Amino acid sequence: MQRFRTTEAAQHVGEQIVLQGWLHQFRELGKVNFLIVRDGWGTFQAFVDDPETLEVLRSMQVESVIEVTGRVVAEPQAPGGAELHETRVRPIVAIDEPPPLELNKKEMKASLDVFLEHAPIGLRHPKRRAILRLAAGAMAGFRASLNAEHFTEIQSPKIVGTATEGGANVFEVNYFGQPAYLTQSPQFYKQLAVGIFERVYEIGPAFRAEPSATTRHLAQYSSLDVEFGFIEDHRDVMALLTRVLAGMLGLLESEYSNELSLLKAEMPKVPAEIPSIYFPEAQELLFTKYKIDARGEPDLAPEHERLLGQWAKEQYGSDFLFVTGYPLMKRPFYTHPNPADPRFSNSFDLLFRGVELVTGGQRLHRYADYLAALQQRGMSPEPFMAYLEGFKYGMPPHGGFAIGLERLLMQLLNLPNLRLAALFPRDLSRVTP
């Protein structure tokens, strides 16, 4: 017989079906015995009264791989309103010792360190798996939104000869006897690709050698990058980002309702126009409303972002807030200045529920402006000549942004730690599993 997914089984009341998956739970209650089988999509309950089948189940531990056959019967008290009767079980891979983590409880009770140590098993838990399935849905929504606007997906090198953002937070590698680096972002390459395709995006890993052990940083994370040409300024970039986020979250709501329900996710509404505040005005607001004097500081601290997010919720009913016009010297050298006040930039951060989710803005596009920006920062143009060549021969006004996938999930699902949103996270102390 054809194999069915557990999420399809309830649609076949009265039929004999086959399920394959893992022995998630077996409860022997005398005359009433239940088996829960789990596959890659969900779980389904089976009523067991056959003595031979009971003996088979008693001989195995949970997480054994099994094939279950039976007839689907409507049962209002069963999860999903149906269960299997006339159940038979065939072991595929029988396990004789219990797994290191309890996967058949509603919540994973293990500490974060224990969970990460046994992540290949722990990620089988329905709730932990649902987080990663939503990550897949977010990427699908990202792609769909940009494909609809005629963007081309690219894949840029992850081993580079020059640090993209400057600074020391890079992983150096020995590349056939010469130094190279794991890329901090695809920034240079996606800008150059604007000269080829006009509109590009990429989904890939980014690496930051920041000695940080906070709940919101990883040494390797998934970056959703966009760059496109023929813009007026950073406001065009903000408008595109708004549409992309609406598309991503809309796809999750329409196609991943089971996962969202399981995780009790509170889905935000993306306004047609996300509210924004200019950086100096944000600092003044922090001072007048919250008595925090951050005036003159070049950046916002996490606590400042939290309070601004709280203000946006109170003032506009929005989970999102753009902060625009960060000081130019705080931004990378390729950032376009604000023509009205060159001390500040045509850049932005997007806060989501009080945490920075996206950084973006308008880039420089004239070759001479790049040389001047590098000189102003005391940086030699020599390491960047391959990058600068693209601007020497004509590049349109352009801009872009990057979304941190794990951070999006952390904020969307109210996770206490970014590591719970990564498949196998990498941080200061963890390179396995």
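Residues numbered from 1 in each chain as written. Predicted model: local features only at pLDDT ≥ 70, side-chain atom pairs only at ≥ 80, totals over all residues. Heavy atoms only, no water.

### Here's the deal with the overall build of the protein chain
Reasoning step 1: Across its full length, the protein chain holds 12 helices and 18 strands.
Reasoning step 2: Referenced to the eigenvectors of the C-alpha coordinate spread, the extents of the protein chain come out at roughly 80 × 55 × 40 Å.
Reasoning step 3: Considering the protein chain as a whole, with its 433 residues, one finds that 49% of them fall into the buried category.
Reasoning step 4: For the protein chain, the proportion of contacts with a sequence separation of at least 24, taken over those separated by at least 6, is 65%.
Reasoning step 5: One way to put it: in the protein chain the 44 positive side-chain charges average out to a point 2 Å from where the 53 negative ones average out. (Helix = DSSP H or I, 4+ residues; strand = E, 2+ residues; numbered from the N terminus. Buried < 20%, exposed > 50% of the residue type's maximum accessible area, 1.4 Å probe, protein only. Contact = heavy atoms within 4.5 Å. Lys, Arg positive; Asp, Glu negative; His and termini not counted. Charge placed at Lys NZ, Arg CZ, Asp CG, Glu CD.)

### A closer look at the layout of surface pockets
Reasoning step 1: Empty space within the largest pocket amounts to approximately 1300 Å³.
Reasoning step 2: Arg208, Glu210, Tyr221, Glu356 and Thr359 are, among the 43 residues lining the largest pocket, the residues nearest its centre.
Reasoning step 3: Mapped onto the lining of the largest pocket, the elements with two or more residues apiece are helix H5 (187-197), strand E11 (220-229), helix H9 (302-316), strand E16 (347-352), strand E17 (355-362), strand E18 (398-404) and helix H12 (405-413).
Reasoning step 4: Of all the elements, E17 adds the most residues to the lining of the largest pocket, at six residues.
Reasoning step 5: For the lining of the largest pocket, the class distribution of residues is 14 nonpolar, 14 polar and 15 charged. (1 Å grid on protein atoms, 1.4 Å probe; cavity = no way out; pocket = protein on both sides within 12 Å on 5 of 7 lines; lining within 4 Å. Points joined across faces, edges and corners; volume = space filled by probe spheres on them. Nonpolar A, V, L, I, M, F, W, Y, C, P; charged D, E, K, R; others polar.)

### Examining the pattern of salt bridges
Reasoning step 1: Summed over the entire model, instances satisfying the criterion amount to 29 salt bridges.
Reasoning step 2: With a shortest N-O distance of 2.8 Å, Glu63 and Arg38 are connected by a salt bridge. Linking Glu63 in the loop between helix H1 (51-58) and strand E4 (65-74) with Arg38 in strand E2 (residues 32-38), this pair joins segments that are 25 residues apart in sequence. Here Glu63 and Arg38 have matching classes, each one buried.
Reasoning step 3: Among the salt bridges present, the one from Glu314 reaches Lys289, with a minimum N-O distance of 3.9 Å. With Glu314 in helix H9 and Lys289 in helix H8 (residues 279-290), this residue pair connects regions lying 25 residues apart in the sequence.
Reasoning step 4: Since its relative accessible area comes to 51%, Glu314 is described here as exposed. (Salt bridge = Lys/Arg side-chain N within 4 Å of Asp/Glu carboxyl O.)

### Here's the deal with the packing of H5 against helix H11 (residues 385-392)
Reasoning step 1: Two elements in contact, H5 and H11, have axes separated by 10 Å at closest approach and are oriented at 25°. In terms of their interaxial angle, H5 and H11 are classed as roughly parallel. Between H5 and H11 lies a crossing whose hand is left-handed. The residues of H11 that touch H5, namely those facing Phe188, Gln191 and Leu192, are Ala386, Tyr387, Gly390 and Phe391.
Reasoning step 2: Per-class residue counts for the contact of H5 with H11 are five nonpolar, two polar and no charged. (Axes fitted to C-alpha atoms, helices over the stretch in contact; angles between N-to-C directions. Parallel < 35°, antiparallel > 145°, perpendicular 65-115°, else oblique. Left-handed = near helix turned anticlockwise from the far one by under 90°.)

### Here we look at the packing of aromatic side chains
Reasoning step 1: Across all of its chains, the model carries 20 aromatic pairs by this definition.
Reasoning step 2: A ring pair is formed by Phe142 and Tyr201, whose centres lie 5.7 Å apart and whose planes are at 90°; its orientation type is edge-to-face. With Phe142 in helix H4 (residues 126-147) and Tyr201 in strand E10 (residues 199-207), this pair connects stretches of sequence that are 59 residues apart. Neither residue differs from the other here; Phe142 and Tyr201 are each classed as buried.
Reasoning step 3: Taking the centre distance of 5.7 Å and the plane angle of 90° together, the rings of Tyr370 and Tyr387 count as edge-to-face. (Phe/Tyr/Trp six-rings, centres within 6.5 Å; stacked < 30°, edge-to-face > 60°.)

### Some remarks on H11
Reasoning step 1: Within H11, the full set of buried residues consists of Tyr387, Leu388 and Phe391. With its buried residues spanning 90° around the axis, H11 presents them on a single face.
Reasoning step 2: On its buried face, H11 is in contact with H5, helix H10 (367-376) and E18.
Reasoning step 3: Note on H11: the residue one or two positions beyond its end, Gly394, has a positive phi of about 95°. (Arc of directions from axis to C-beta.)

### Notes on the nonpolar core
Reasoning step 1: Ranked by internal contacts, the top residues of the largest apolar core, which has 58 residues, are Phe142, Val226, Leu241, Met248, Phe401 and Ile403.
Reasoning step 2: Tallying contributions element by element places helix H6 (residues 234-255) first for this core, with 10 residues.
Reasoning step 3: Grouped together as the second largest cluster of nonpolar side chains are 20 residues, Leu19, Ala46, Val48 and Val56 included. (Core = buried A, V, L, I, M, F, W, Y, C linked by side-chain atoms within 4.5 Å.)

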